[in-house]
Amino acid sequence: MSLNRDIVLKGVKDAFGAPAAILFAGMLGFGAMGQANGLDIWLTSATSFFMFALPGQVVLVEMLVLSASGVTIAIAVTLTATRFFTMCLTLFPQFPEKQRSSFYYLVVHFVAMTAWAVSMRDFPKMKPEDRLSYFTGFAFVCWAVSTPATVLGYMVAGQVPSYINLGLVFINPLFFLLTFTEVKPRGNRIAILLGAPLGLLSYLWFPDYSLLIAGLFGGTIAYMVDKYFRNRQHA
Amino acid sequence: MLESSELSTMFNDAGMWAALIAACVGTYFWRGFGVYFSGKINQDSELFKWLSAVTYAMVAALTVRIILLPVGLLATVPISVRLGVSIVALIIMYSKPGERMIPALLVGTFGLVLYGLVMNFLG
């Protein structure tokens, strides 16, 4: 593994704009949520440090409050994390194969929706050998701001009026929604349009499996539609 | 001797930490698994295109679900407000593609804060 210091710092610098601010806000909201639900500060901030997946963290807190069994909680959270499998399968092949090392198993912990969405958008404009350095700097910042933000959110929870908390918990999903408008490949655009309604519908009947159902069906249909149009263009 | 209530609190704490550890291991499992298999995938292959579509469908499903069928604090806001604010943000985003992320985010977020403020004032 050899990272280019200048490119790592460029990733750090880019992260310290909107991405870190958005994640910071989301984690502030999450810290406040942990406090409001009577969890202790260690447990609340440990989820940001060790899990670093906001939707899964929210599921964890909600199920803890409902006194669900540990096994049920672990299964539900693990199922919402399935997306990381295909997120990594689409992110890491964009790094040159000669850079592959056990370092990947460390940097993968920093993979979450923010860094992934930005990478999928910007990697095509970047030299392949620069991508790992850039991602390391960018994603590390995203992870590093999360735990302090959670602790801070927990500590100030009592003093923050609920209308501010509303904004804090809304900013992350809104950011992801807005990044979808910047997705270019046609197959991925169709996948977003199909995945959203499929996810809603399947959530009503199979909440635990709704992401898998939406991903497999929506993604596969989108892929086939895209392939059909690609074949027609070549014919 | 501990009171039984203290015992049950201790057990509860241990149970919570056990659930947390299991959930973190489960989450890392998918990340590590992804890294492990990523070496076998070429970014120009059909498999990569299919996996990308599946991932985008999954994250779109998750995002839209959090906005339209939320749990917790967001659920106290009527769906019409969440939907309306999201649509306004999307329109701002599309008004000048690639340059309106921050204004769209700010308008959407402040829209929701404003709703909370008004409700606070009325209620």
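Residues numbered from 1 in each chain as written. Chains lettered and ligands numbered in written order. Predicted model: local features only at pLDDT ≥ 70, side-chain atom pairs only at ≥ 80, totals over all residues. Heavy atoms only, no water.

Naming follows an unreviewed UniProt entry, where chain A appears as AzlC family protein of Polynucleobacter cosmopolitanus. Under the UniProt heading Subcellular location (unreviewed entry), the entry covering chain A gives this text: "Cell membrane". Turning to chain A, the UniProt annotation filed under Sequence similarities (unreviewed entry) states: "Belongs to the AzlC family." (UniProt positions renumbered as here; feature names shortened; annotations may be inferred.)

Draft legend 1. Structural view of the layout of surface pockets. In this structure, the largest pocket occupies an estimated 1,000 Å³ of space. Surrounding the largest pocket, 48 residues form its lining, A:Pro55, A:Val58, A:Val59, A:Glu62 and B:Val71 being those nearest its centre. At the level of elements, α2 (18-36), α4 (54-65), α5 (70-80), α6 (83-91), α8 (113-122), α10 (162-179) and α12 (210-234) of chain A together with α2 (46-68) of chain B are the ones that each hand at least two residues to the lining of the largest pocket. In terms of residues, the lining of the largest pocket owes the most to one element, α2(A), which gives nine residues. Among the domains, domain 1 (5-184) and domain 2 (185-235) of chain A are the pair contributing at least three residues each to the lining of the largest pocket. When its volume is computed, the second largest pocket comes out at roughly 720 Å³. In terms of lining residues, the second largest pocket is bounded by 35 residues, among which A:Met120, A:Val183, A:Lys184, A:Pro185 and A:Asn188 are the most central. Every element with two or more residues in the lining of the second largest pocket is listed here: α8, α10 and α11 (186-205) of chain A together with α2 and α3 (79-95) of chain B. With seven residues, α2(B) is the single largest residue contributor to the lining of the second largest pocket. The residue makeup of the lining of the second largest pocket, split by class, is 17 nonpolar, nine polar and nine charged. Formed jointly, the lining of the second largest pocket draws a minimum of three residues from each of two domains, domain 1 (5-184) and domain 2 (185-235) of chain A. (1 Å grid on protein atoms, 1.4 Å probe; cavity = no way out; pocket = protein on both sides within 12 Å on 5 of 7 lines; lining within 4 Å. Points joined across faces, edges and corners; volume = space filled by probe spheres on them. Helix = DSSP H or I, 4+ residues; strand = E, 2+ residues; numbered from the N terminus. Domains from an automatic or database assignment. Nonpolar A, V, L, I, M, F, W, Y, C, P; charged D, E, K, R; others polar.)

Draft legend 2. Local environment of the nonpolar core. Core analysis: the largest hydrophobic core is formed by 110 residues, its most contacted members being A:Phe92 and A:Phe135. Considering each element in turn, this core owes the most residues, 14 residues, to α2(B). Mapped onto the domain boundaries, this core takes at least three residues apiece from domain 1 (5-184) and domain 2 (185-235) of chain A. Apart from the residues within four sequence positions on either side, A:Phe92 is in contact with A:Tyr104, A:Val107, A:Val108, A:Val111, B:Val35 and B:Ser38. (Core = buried A, V, L, I, M, F, W, Y, C linked by side-chain atoms within 4.5 Å. Buried < 20%, exposed > 50% of the residue type's maximum accessible area, 1.4 Å probe, protein only. Contact = heavy atoms within 4.5 Å.)

Draft legend 3. Representation of a nonpolar patch on the surface in the model. Residues B:Leu114, B:Leu117, B:Val118, B:Met119, B:Phe121 and B:Leu122 make up a contiguous nonpolar surface patch of roughly 640 Å² in combined accessible area. Mapped onto the elements, B:Val118 comes out in helix α4 (residues 101-122). (Patch = residues over 30% accessible without salt bridge, like charges linked within 9 Å, V, L, I, M, F, W, Y side chains within 5 Å. Areas by Shrake-Rupley, 256 points an atom, 1.4 Å probe, with all protein chains shown as cover. Salt bridge = Lys/Arg side-chain N within 4 Å of Asp/Glu carboxyl O.)

Draft legend 4. A look at α12(A). In this model α12(A) runs 35 Å from its N-terminal to its C-terminal C-alpha over 25 residues, within 8% of the 36 Å that 1.5 Å per residue would give. Of all the residues in α12(A), the buried ones are A:Ser210, A:Leu211, A:Ala214, A:Gly215, A:Gly218, A:Gly219, A:Ala222, A:Tyr223, A:Asp226 and A:Arg230. Close packing links the buried residues of α12(A) with α5 and α11 of chain A together with α2 of chain B. (Expected span 1.5 Å × (residues − 1).)

Draft legend 5. Representation of the packing of aromatic side chains in the model. Enumeration over the complete set of coordinates arrives at 22 aromatic pairs over all chains. Taking the centre distance of 5.7 Å and the plane angle of 55° together, the rings of A:Phe175 and A:Phe176 count as tilted. The exposure class assigned to A:Phe175 is buried, which follows from its relative accessible area of 5%. Centre to centre, the rings of B:Trp30 and B:Phe33 are 6.2 Å apart; their planes meet at 70°, and the pair counts as edge-to-face. Of the two residues, B:Trp30 and B:Phe33 both sit in helix α1 (residues 4-38), three residues apart, roughly one turn of that helix. Look at B:Trp30 and you get buried, because its relative accessible area is 17%. Joined through ring pairs, the aromatic side chains of A:Phe85, B:Phe29, B:Trp30, B:Phe33, B:Tyr36 and B:Phe37 make up one cluster. (Phe/Tyr/Trp six-rings, centres within 6.5 Å; stacked < 30°, edge-to-face > 60°.)

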